[in-house]
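What the coordinates show
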Amino acid sequence: MFSRLAAKRLLEIRRVLRPSLPLSSPASTAARSFSTALNYHIDSPDNKPDAPWEFTAANMERVKEIMSHYPSNYKQSAVIPLLDLAQQQHGGWLPVSAMNAVAKVIEVAPIRVYEVATFYSMFNRTKVGKYHLLVCGTTPCMIRGSREIEEALLKHLGVKRNEVTKDGMFSVGEMECMEDVTPKRVVEIVEMLRRGEKPPVGTQNPNRIRSGPEGGNLTLLGECKPPPCRDLDAC
Ligand code: FES
């Protein structure tokens, strides 16, 4: 199983290293090479570097307020709150023209903003649904069945990874360290969201209390026994 996964990851890394417009320096590309998020930009009608993009007048006020938290010679420190604001303004995702607008505000080269936007998975660089569902892709969760959970979601919604459903409601992506669910539960969550209900926060596994082990605490319940010692004098 691991050799198949390794081969898949290698393909993804090769794709990452064949950029159109690189969005990150080689160092940060290496750091992200195990994520499926693209580290390069491909022009599309709704995502072009030269497309006009500006903060709205109301958000410009917010930009000024954010910038006032930083000394004038450290404007670049505002990159994350500004990207967050731009993403909110743009319906939950960041076109490259919005990143360029942020670069202008903080007076850095656009690549400095791209590096941040490509590193943090909270920034979406393609359109996402109203509910963007993320499945953990790291080894412990793979062993616990995260691939089956993702398959159940994609099948139920009729989309591929990072595609948005026709009604714009859902998209499915990958990230690390999410709460534990099952293929059945994940479909139930989707249907709750569709009905406008709020799924409970925290673990979705009824056999766990918060982040405790499934089935309750199983260790350190009895008397602690000291480790066995050899009677060295008897040797
Ligand atoms: S490894 Fe998947 S939630 Fe932490």
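The model shown is predicted, which means the values in this text are computed figures rather than measured ones. (Residues numbered from 1 in each chain as written. Predicted model: local features only at pLDDT ≥ 70, side-chain atom pairs only at ≥ 80, totals over all residues. Heavy atoms only, no water.)

Let's talk about the overall build of the chain
Of the regular secondary structure elements, the chain holds nine helices and four strands. In the chain, the succession of helices and strands from N to C terminus is α-β-α-β-α-α-α-α-β-α-α-β-α. Residues classed as buried in the chain amount to 37% of the 235 residues present. If you take every contact in the chain between residues at least 6 apart in sequence, the share linking residues at least 24 apart comes to 60%. (Helix = DSSP H or I, 4+ residues; strand = E, 2+ residues; numbered from the N terminus. Buried < 20%, exposed > 50% of the residue type's maximum accessible area, 1.4 Å probe, protein only. Contact = heavy atoms within 4.5 Å.)

Here we look at helix H8 (residues 146-157)
Note on helix geometry: an α-helix contains 3.6 residues per turn, so any two residues three or four positions apart are oriented the same way. Between the first and last C-alpha of H8 there are 17 Å, a value that for twelve residues agrees with the 16 Å anticipated at 1.5 Å per step. Just downstream of H8 lies Gly158, where phi reads positive at about 70°. (Expected span 1.5 Å × (residues − 1).)

Description of the nonpolar core
The biggest cluster of nonpolar side chains holds 24 residues, and the ones touching the most others in it are Leu82, Leu83, Leu94, Val102, Ile106 and Val113. If you list the elements that add at least two residues to this core, you get helix H3 (57-67), helix H4 (79-89), helix H5 (96-106) and helix H6 (110-119). Ranked by residues supplied to this core, first place goes to H5 with seven residues. If near-sequence neighbours (up to four positions away) are discounted, Leu94 is found in contact with Leu83, Ala86, Gln87, Met99, Ala117, Phe123, Asn124 and Arg125. (Core = buried A, V, L, I, M, F, W, Y, C linked by side-chain atoms within 4.5 Å.)

Quick notes on the environment of Val187
For Val187, the location among the structural elements is in helix H9 (residues 183-194). In this structure Val187 touches Ala152 and His156, once residues within four positions along its chain are discounted.

Considering the packing of H4 against H6
At a minimum axis separation of 11 Å, H4 and H6 run at an interaxial angle of 75°. Relative to H6, the element H4 lies roughly perpendicular. Residues Val79, Ile80 and Leu83 of H4 form the contact with H6, whose own contacting residues are Val113, Val116 and Ala117. Each residue belonging to the contact of H4 with H6 can be placed in one class, and the counts come to six nonpolar, no polar and no charged. (Axes fitted to C-alpha atoms, helices over the stretch in contact; angles between N-to-C directions. Parallel < 35°, antiparallel > 145°, perpendicular 65-115°, else oblique. Nonpolar A, V, L, I, M, F, W, Y, C, P; charged D, E, K, R; others polar.)

Regarding the pattern of salt bridges
Overall, the coordinates contain 15 salt bridges when judged by the stated rule. Glu61 is paired through a salt bridge with Lys64; the nearest N and O atoms lie 3.5 Å apart. Residue Glu61 and its partner Lys64 are located together in helix H3, separated by three residues, close to a single helical turn. The partner of Arg161 in a salt bridge is Glu150, and the shortest N-O contact between them spans 2.7 Å. One end of the pair, Arg161, is in the loop between H8 and strand E4 (170-175); the other, Glu150, is in helix H8, with eleven residues separating them in the sequence. On the basis of relative accessibility, which here comes to 22%, the residue Arg161 falls in the partly exposed class. By relative accessible area, Glu150 is classed as buried at 6%. Beyond isolated ion pairs, a larger network of salt bridges with shared partners links Arg147, Glu150, Arg161 and Glu174. (Salt bridge = Lys/Arg side-chain N within 4 Å of Asp/Glu carboxyl O.)

Overview of the pairing of E4
In terms of residue burial, E4 counts as a mostly covered element, since five of its six residues are buried. As paired strands, strand E3 (residues 131-136) and E4 are joined by six bridges and run parallel to one another. Each bridged residue has a counterpart across the sheet, and for His132 the counterpart in E4 is Ser171. (Pairing = 2+ DSSP bridges.)

Here's the deal with the side chain of Arg185
With respect to the helices and strands, Arg185 occurs in helix H9. Residue class for Arg185 comes out buried when judged on its relative accessible area of 16%. Polar contacts involving the side chain of Arg185 include one to the side chain of Gln204, which spans 3.0 Å. (Polar contact = N/O pair within 3.5 Å; in protein donor to acceptor, adjacent residues only side chain to side chain.)

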